[in-house]
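What follows is the residue order along each chain.
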Amino acid sequence: MRHRKKKKILDRNASGRRALIRNLACELIIHRRIKTTHTKAKVLRAYIEKLITKSRSGQPSSLRYLQKYLNKKTANILFKNIAPKYKKRDGGYTRVVKIGRRSGDNALMALIEFV
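A brief look at the structure comes next. (Residues numbered from 1 in each chain as written. Predicted model: local features only at pLDDT ≥ 70, side-chain atom pairs only at ≥ 80, totals over all residues. Heavy atoms only, no water.)

Remarks on the sheet that holds strand β2 (residues 94–101)
Selection criterion: Only strands joined by at least two bridges in the DSSP assignment are considered to pair. Helical segments are the DSSP runs of H or I of at least four residues, strand segments are the runs of E of at least two, and each set is numbered from the N terminus. Geometry is summarised by axes, namely lines fitted to C-alpha atoms with helices restricted to the contacting stretch, and by angles between N-to-C directions that run from 0 to 180 degrees.
An order of β1-β3-β2 is seen for the three strands of this open sheet, with the pairing classed as antiparallel. Pairing within the sheet leaves two strands with one partner each, and these edge strands are β1 (33–37) and β2. When the angles between neighbouring strand axes are averaged without regard to direction, this sheet yields 25°. Strand direction decides the pairing type here: β1 and strand β3 (residues 108–114), joined by five bridges, are antiparallel.

Focus: the pattern of salt bridges
Rule in force here: Salt bridge, as applied in this entry: a Lys or Arg side-chain nitrogen positioned within 4 Å of an Asp or Glu carboxyl oxygen. Relative accessible area decides the class of each residue, using a 1.4 Å probe on protein chains only: under 20% of the type maximum gives buried, over 50% gives exposed, and in between gives partly exposed.
Throughout the structure, instances matching the rule amount to four salt bridges. The partner of Arg 33 in a salt bridge is Glu 113, and the shortest N-O contact between them spans 2.6 Å. Of the two residues, Arg 33 is situated in strand β1 and Glu 113 in strand β3; the sequence distance between them amounts to 80 residues. Look at Glu 113 and you get buried, because its relative accessible area is 9%.

Okay, structure coming up:
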């Protein structure tokens, strides 16, 4: 039974899903805006907002925590460049904008970016 199972599966096993979300998060941090499917963008939004909230404190332990979930380069970018901008903001660091459907498979596409 699937009672109270709220996680999006994204048609992948656990390790593939974890790798996908980690790669999307790294690309979002580097490029500040990416285009992906709407479902992946919603999953990514929850993942990246938790990381930003954790990194806002500026503690060295927060940087080590980020390096557990991102690679070293993107963890440093998030910790030193992006998180200080959101010190006064209580959540809502990203924006998901629907941009239409993909021509190949008619999947709903979205643009996810930092506010």
